[in-house]
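Geometric and topological summary
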Amino acid sequence: MLRATLKSVLARKLRLVLSGLAVVLGVMFVAGAFVLTDTLGRSFDAMFASAYSETDVNVAGKPKIEMSELDGEEVPALVPAEVRDRVAKVPGVAEATGDVLADGARVIGPNGKVVSTAGAPRFGENWNGESDLVRLREGRGPTAPDEIAVNAATAEAAKLKVGDRVGVLTLQPKRMFTVVGVYGYSGDRDSLGGTLSVSFTEPVAQELMLGEPGVYSSVSVRAAAGVDPVALRDDIRAALGTTYEVKTGAELAKQQTDEFQQGLSFFNNILLGFAGVALFVGIFLILNTFSIIIAQRTRELALMRAVGASRRQMIGSVMVEAAVIGLVASALGLGAGIGVGALLASVFAGFGDLDLAGVGVPATAVISSFVVGLLVTLVAAVLPAVRASRIPPVAAMQDVGTPDRPLTRLTVAGAIVGAAGGGLLAWGLSGEAGDGTLWTILAGVLVSFVGVALLTPLLSRPVVSLLGRLFSWSVPGKLGRLNSGRNPRRTAITAAALMVGIALITGVSVILDSTKSSFTKLADEQVKAEIFIDGEQSGDRPPSFDPKVLEDTAALPGVARSAGVYSDLALVDGKREWVVATEDVPDLAAIFSVVPEQGAVGPLRDDQFILDTGTAADLGGLKAGDTVPFQFSRGEARPFTVAAVYTESDLYSGIVLPESAAKDFGVPQPVEAYVQLAAGTAVGPVLDRMNALLADNPEFSAVDRAAFMADQTDDLDTLLLMIQMLLGLAILIAVLGIINTLALSVIERTRELGLLRAIGMRRAQTMRMITVEAVVISVFGALLGLAVGSGLGASVVRALKSEGITELVLPWQQMGVYLVLAAVVGVVAAVLPAIRAARLNVLGAIAHE
């Protein structure tokens, strides 16, 4: 039986390739994700080990506010100079060096714009001289307050050379410096991981990067000869107590690597998520392929039953065939995944100027590839295997395949499964699933897709018949319409594969377009500003501008109100809250249509704040007059008193503080501003004057309402484009499914096609008939996907109504494009099967059994 099964597989190589290709693509993403993570992880491990190679022990302060990758750049805690002196006196310390190192030194390039990176930090640091790691390539280190040295990556990006004057933005507004040196790193590296670095004299670095003199971000310790770094770490801990974090250089390198791995896991999970979609769609392809094959081999399988094969052997035969396909596809997918992972790692290293470690293939990549590939193919083959085992021996005497069965049981099952999926989705969107909300929603979507797929055969015959009438103006068109509807199950499974990709893209489009429309409507109703000062963020640290711009803007003719905004993450009575500060609370309140419920929204004292009703409730029911402690990114905790509580709106909420509080923020400069003009004032002239005021703040520009709203929604458009590109893989697999179905259908109908050719159908007409069949199936799948996706998107939008997503927008234009593309997909998918059908030998086809 095993020999017969293997011969069957090898005799149908095309079926093997088409069935396995979907698994290859899915496994490729799985393996590629693990290879990418492993390769970059080892590369950064080597880089951080090199960066801390001269540090035996490191002493750093504990940050006031701990931030995650999503929160932004963590503000380094300060280490006073006297702590460095205490560390230097610990026995076993050969040298204790105070280091100033913080993100946020932005060099202004020759085009007047800030030099950006692909996400790497832009460090400002103190110059501590050359070492085994840092080597000057040109010039010298800075010695005067207006001198800097830059790493070679910065010099190249900003087109700088020794002697050039350049502007640098830091915690303070733009200051001009003279470049006196360019340095690199061991191994002839221009940077460490793509970072741009500017080195100042120590006092200037402390002032501009840390905000006060006589402090460091850390202290690097070199142990005396023969002293164990671990023992020295313990001695320094004992000397300093628990106020500071004391770690060995190896521990610090590992911590940095682990933090990077956590950040990379987000991208890794995205790749695995789309691999899951590809494999889910692939199940439909494999299921359909095996179902068609079983139908075509009815007589062969019945003969095997007649000569003594048991039902268990029949099931085993099909499952072995599936296992062979799964093994081959998994191996190919693993190889492709290694290539994709290596390519992505190379691209990442190119952007980040990272020395790439050798491409590694971790055991997780190999194991997961084969487990996933085998599991998908075996699961997809279960139903066809069971169906094969039920073929009676008497079928060997029949010339037809297994008859189409009633759809009642399938329809009932689809209704039950669909209802279960809808219930899971509703539960997840209600927020009652707690920590499992995301998984509940994903499970609801998955089960809903299965339910719809089971219901699709009920819809396929009438819908396909209706769609086919569009092409029934010719005989090939009529035949194509009849062929596409002759087997509802086969048509439904083929269309369902395309339905999944189209539904996901449509659902995401509905959600994002509804979000944009709701945001625009709220802004039009509640925001009274006509001009916005908006910045372009190119790293973890938000851009900021000179506070003097706010004073000058308020004095411009035609400006009725203006308010700048400072922002920081704070601990408010021990709870993490994003807070803002402004120089003019009444103007900000008026611009955002803030309505007070308790107290009055007026000018604030240095120890007062206002907050919305929702935040007040989250903080234990705060009311006007209550006092709570605030801890910002800098400084010590201090009490603030509630001056007023305002009504929470869908657009504006949170805590508002006076401008004086911003001196302890992580970024003590404004990050945006809003300007309301007096009635009858033209926007253009004021806009030009404001942009002139921002000349020394190249990260910012003044824009009108339309440009600001477009900028706020650009990220959503980018997100949609990325999802469309990645879900294109699911569409590709659906195309393979249509090709596979038509190719096997052509084989199945060989005699029928030969008879049609014999009675006068030309080759072109044969190709047109196959093309109509493909287009009808693909358009049916697209229509189903548009309907399901619109329903899922509308459900999510409805669930988010309390979050301010009040407008339901169906992207009709995009949906029309998807429908047209589905028709194109059908035409493309029909090319190879149509050519095969047209080239059939007429006499041989008629004689085919």
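To keep things clear, this report deals only with the structure shown in the data block. The shown structure was predicted, so the numbers you read here are calculated from the model rather than taken from an experiment. (Residues numbered from 1 in each chain as written. Predicted model: local features only at pLDDT ≥ 70, side-chain atom pairs only at ≥ 80, totals over all residues. Heavy atoms only, no water.)

Notes on the overall build of the chain
For the chain, the count of helices and strands is 23 helices and 24 strands. Across its three principal directions, the C-alpha atoms of the chain cover 95 × 75 × 50 Å. When the 849 residues of the chain are sorted by exposure, 50% land in the buried category. Total accessible area on the chain stands at roughly 37000 Å², and carbon and sulfur atoms take up 60% of it. (Helix = DSSP H or I, 4+ residues; strand = E, 2+ residues; numbered from the N terminus. Buried < 20%, exposed > 50% of the residue type's maximum accessible area, 1.4 Å probe, protein only. Areas by Shrake-Rupley, 256 points an atom, 1.4 Å probe, with all protein chains shown as cover.)

Section: the packing of aromatic side chains
Aromatic ring pairs are described here by two measures, namely the spacing of the ring centres and the angle between the planes. The full count for this structure, using the stated rule, is 16 aromatic pairs. An angle of 45° between the planes, with centres 5.4 Å apart, marks the rings of tryptophan 127 and tyrosine 183 as tilted. Of this pair, tryptophan 127 sits in the loop between strand E6 (122–126) and strand E7 (134–139) while tyrosine 183 sits in strand E10 (residues 175–185); the two residues are 56 residues apart in sequence, bridging distant segments of the chain. The burial state of tryptophan 127 is the same as that of tyrosine 183; both residues are buried. Pairing tyrosine 183 with tyrosine 185 gives two aromatic rings, centres 6.0 Å apart and planes at 80°, and the pair type is edge-to-face. When its relative accessible area of 8% is taken as the criterion, tyrosine 185 is described as buried. (Phe/Tyr/Trp six-rings, centres within 6.5 Å; stacked < 30°, edge-to-face > 60°.)

So, the nonpolar core
Grouped together as the largest cluster of nonpolar side chains are 86 residues, with contacts concentrated most on Phe284, Phe449, Met499 and Ile733. The leading source of residues in this core is helix H7 (residues 249–296), at 17 residues. With residues up to four places along the chain from it excluded, the contact list for phenylalanine 284 reads Ala453, Ile493, Ala496, Ala497 and Val500. In this structure, Leu556, Val579, Leu611 and Ala662 belong to the second largest nonpolar core, which totals 37 residues. (Core = buried A, V, L, I, M, F, W, Y, C linked by side-chain atoms within 4.5 Å. Contact = heavy atoms within 4.5 Å.)

Structural notes on the pattern of salt bridges
Applying the stated criterion across every chain, the model contains 24 salt bridges. The partner of aspartate 85 in a salt bridge is arginine 84, and the shortest N-O contact between them spans 3.4 Å. Since its relative accessible area comes to 36%, aspartate 85 is described here as partly exposed. You can call arginine 84 partly exposed: its relative accessible area is 23%. The partner of aspartate 524 in a salt bridge is arginine 705, with the nearest N and O atoms 3.5 Å apart. Of this pair, aspartate 524 sits in helix H14 (residues 488–526) while arginine 705 sits in helix H19 (residues 705–748); the two residues are 181 residues apart in sequence, bridging distant segments of the chain. Given the relative accessible area of 47%, aspartate 524 is considered partly exposed. Because the salt bridges share partners, they merge into one network encompassing Arg137, Asp188 and Asp190. (Salt bridge = Lys/Arg side-chain N within 4 Å of Asp/Glu carboxyl O.)

As for the pairing of E10
The side chains of a regular strand alternate, residue by residue, between the two faces of the sheet. Within E10, nine of the 11 residues are buried, which leaves it mostly tucked inside the rest of the structure. By the bridge criterion, five bridges tie strand E8 (residues 147–151) to E10 in an arrangement that is parallel. In the sheet register, glutamate 147 faces E10, and the bridge partner there is threonine 178. Where strand E9 (residues 165–169) lies against E10, four bridges are found, and the strand directions are antiparallel. Of the residues in E10, the one forming a bridge with glycine 167 is methionine 176. Between E9 and E10, which pair antiparallel one after the other, the connecting turn spans five residues. (Pairing = 2+ DSSP bridges.)

Brief notes about a negative patch on the surface
A cluster of acidic side chains, namely Glu536, Asp711, Asp714 and Asp715, defines a negative patch on the protein surface. Assignment of secondary structure puts aspartate 715 in helix H19. (Patch = residues over 30% accessible without salt bridge, like charges linked within 9 Å, V, L, I, M, F, W, Y side chains within 5 Å. Lys, Arg positive; Asp, Glu negative; His and termini not counted. Charge placed at Lys NZ, Arg CZ, Asp CG, Glu CD.)

As for the sheet that holds strand E3 (residues 93–99)
In spatial order, the strands read E3-E13-E1-E14; together these four strands make up an open sheet with antiparallel pairing. Both outer strands of the open sheet, E3 and strand E14 (244–248), are each paired with one neighbouring strand and no more. Put simply, the sheet's adjacent strands are angled 20° from each other on average, direction ignored. Two elements, strand E1 (residues 57–61) and strand E13 (residues 218–223), share four bridges in a ladder whose sense is antiparallel. Note on E13: the bridge partner recorded for valine 59 is valine 219. Packing of helix H3 (residues 81–88) onto the sheet brings it into contact with E1, E3, E13 and E14, and relative to E3 it is tilted by some 165°. (Axes fitted to C-alpha atoms, helices over the stretch in contact; angles between N-to-C directions.)

Some thoughts on the environment of aspartate 524
Put simply, aspartate 524 and threonine 248 are 276 residues apart on the chain and 55 Å apart in space, counted from C-alpha to C-alpha. At 3.5 Å, the side chain of aspartate 524 and the side chain of arginine 705 are in polar contact. (Polar contact = N/O pair within 3.5 Å; in protein donor to acceptor, adjacent residues only side chain to side chain.)

A look at unusual backbone geometry
One non-glycine residue, aspartate 573, lies in positive phi territory at about 55°. Relative to the assigned elements, aspartate 573 resides in the loop between strand E16 (559–572) and strand E17 (575–582). Look at aspartate 573 and you get partly exposed, because its relative accessible area is 44%. With a phi angle near 55°, serine 593 is a residue other than glycine that sits in the positive phi range. Checked against the element boundaries, serine 593 lands in the loop between helix H16 (585–591) and strand E18 (596–599).

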